[in-house]
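Observations on the three-dimensional arrangement
One letter stands for each residue in the lines below.
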Amino acid sequence: MTTTQPLPPLAQPMRPDVAAFLAREHELLIGGHWRPSVSGQRFTSVNPATGRPLATLAEGGAGDVDAAVDAARRALADPEWRDITPLARGELLHRLAELVEEHADELALIESLDNGKPVSVARAVDVGTTAKLFRYFSGWPSKFEGATIPLSPRNGLRILNYTVHEPIGVVGAIVPWNFPMSMASWKLAPALAMGNTVVLKPAEETSLSTLRLAELAAEAGFPPGVLNVVTGPGRVVGAAIAGHPGVDKIAFTGSTEVGRLVTTAALGNMKKVSLELGGKSPHVVLPDADPVAVAAAAADGIFFNQGQTCTAGSRLYVHSAIYDDVMAALVERARSIAVGPGQDPATQMGPLVSARQLRTVTSFVESGLDEGATLVTGGSRPRGLAAEYADGYFLEPTVLTETTHSMRVVREEIFGPVLVAMRWNDVDELVELANDSPYGLGAGIWTNDLTQAHRIAGAIKAGTVWINCYNLTDPASPFGGYKQSGWGREMGRGVLEQYTETKSVWVNLT
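Residues numbered from 1 in each chain as written. Predicted model: local features only at pLDDT ≥ 70, side-chain atom pairs only at ≥ 80, totals over all residues. Heavy atoms only, no water.

So, the environment of V229
Following the sequence through the fold, V229 ends up in strand β10 (residues 227–229). As a C-alpha pair, V229 and A265 span 36 residues in sequence and 20 Å in three-dimensional space. Ignoring anything within four residues of it in the chain, the contact list for V229 reads L28, L29, L200, P202, L211 and A214. (Helix = DSSP H or I, 4+ residues; strand = E, 2+ residues; numbered from the N terminus. Contact = heavy atoms within 4.5 Å.)

Here it is in structure tokens:
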């Protein structure tokens, strides 16, 4: 059922700086130097809008991870980084934020070409979030204080007890492909603010913006070895980082399945581990909500970033009294979304990131239909795309109704533009359904009854609950999940605890 609006062929010329960047043979950043992998092997990044090669990158391996960890440990002990003042460390982060903003258009185009998302989204969300994160955390090095603690010691001793926060050491950061650069900055900003060094592994599908960000970090003045980047397959590079005895902490964002593997590998030297994992977020609509406003928010909640968002509002629960009105407006909105290459200014939804992800998402749609769901709109490749995009990984915005909690499309994370919609009548039953998931990352509530909104927000087991809004984040606010959606929190003051060790010092003044 093809209903979305395809776009004409893209007529914009390529930016010369981006063309030159893509033409390079991209290498690994280890100890401040760009170098090929030990094996000399390379892999290809593909433009998801065309299915054709975009750039080639060094395929790292365990030996490259060894070298990167060694470089990070040397930098950790080097006075140039070890003894830098908190204010000076903050200034480096602030300078990096400025450079990200100065190169915003370049970074957004790289991200769009590599990931598929619209350039407008890459610039506003990916680039904007990256700059905000570095700027926000640039203020923390001089403000994350220890404490003096009043004690009641035995035998009349006079004791001064105080705490200090010290860098945890070498951080292994493993990030996903859906928001490549901004997810990297979620790890880098607090890790570097607290004086750690980092070995970063970007997703093999979308490494390019992170490599450019690493170049900007060097330009900002971060010493060699403070940030190291090893590209390559997760099963090799990610596994080597997670299990490496020289890594003190793992910060991982990705699927719950891979998160379990990372946790198991990290047990070898009892690394600290923080995990931001999958989601299957409920989007709850009460009978007094405005159907048109809800439809717009629900569409954005699932179709934003092609549905490749861990907090995607993929389960829509609408009260029976307004279900038909909401669904009519939602389907109309889904059918109006312009699907095409991310570089076209008119594009509202780009392709999925890879052929594998397209196969995965379409298999979920087929599974839902096999189990009795009704396809209301979408489910197919958009018609009318230019021949240039014939091999791109496009899928229409898709809505399934008549779904039940026994279906895979309701139980499992799809990570694509597929919404499942269900009716409800009893609020207690609604809360039970919303919580009937192994995940607990996000949830949305739409109502003018704030008493009911707060009651439901308190009952839903999720790390973030949005009331009359959806998918908002900010560097100052903690983000993370309940249940199998992860351990720990990203952003905000609380994340700094995950990148430091707290030392308690006792001094006998008797």
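That shown, we press on.
A word on the sheet that holds strand β5 (residues 42–47)
Taken in spatial order, the 3 strands make up an open sheet running β2-β6-β5, and their pairing is mixed. Bordering the open sheet on either side are β2 (25–26) and β5, each of which pairs with just one other strand. Both β2 and strand β6 (residues 52–58) contribute to a ladder of 2 bridges, which runs parallel. Looking at the pairing, E25 lines up with T56 of β6. Seen against the sheet, helix α5 (residues 104–115) touches β5 and β6 and runs at an angle of roughly 95° to β5. The strands touched by helix α8 (residues 208–220) within the sheet are β2, β5 and β6, with β6 carrying the most contacts at an inclination of about 45°. (Pairing = 2+ DSSP bridges. Axes fitted to C-alpha atoms, helices over the stretch in contact; angles between N-to-C directions.)

Topic: the pattern of salt bridges
Per the counting criterion, the structure on display carries 23 salt bridges. With a closest N to O distance of 3.2 Å, E102 and R95 form a salt bridge. Classification of E102 as exposed rests on a relative accessible area of 51%. Its relative accessible area of 29% is what places R95 among the partly exposed residues. The shortest N-O distance in the salt bridge between E490 and K187 comes to 2.4 Å. Of the two residues, E490 sits in the loop between β23 (486–487) and β24 (500–508) while K187 sits in helix α7 (residues 180–193), which places them 303 residues apart along the sequence. (Salt bridge = Lys/Arg side-chain N within 4 Å of Asp/Glu carboxyl O. Buried < 20%, exposed > 50% of the residue type's maximum accessible area, 1.4 Å probe, protein only.)

Looking at the packing of α5 against α8
Axis separation between α5 and α8 bottoms out at 8 Å; the angle between their running directions is 155°. By the angle class used here, α5 and α8 are roughly antiparallel. Of the residues in α8, those in contact with E106, L107, I110, E111 and D114 of α5 are L208, S209, R212 and L216. Counted by class, the contact of α5 with α8 contains 4 nonpolar, 1 polar and 4 charged residues. (Parallel < 35°, antiparallel > 145°, perpendicular 65-115°, else oblique. Nonpolar A, V, L, I, M, F, W, Y, C, P; charged D, E, K, R; others polar.)

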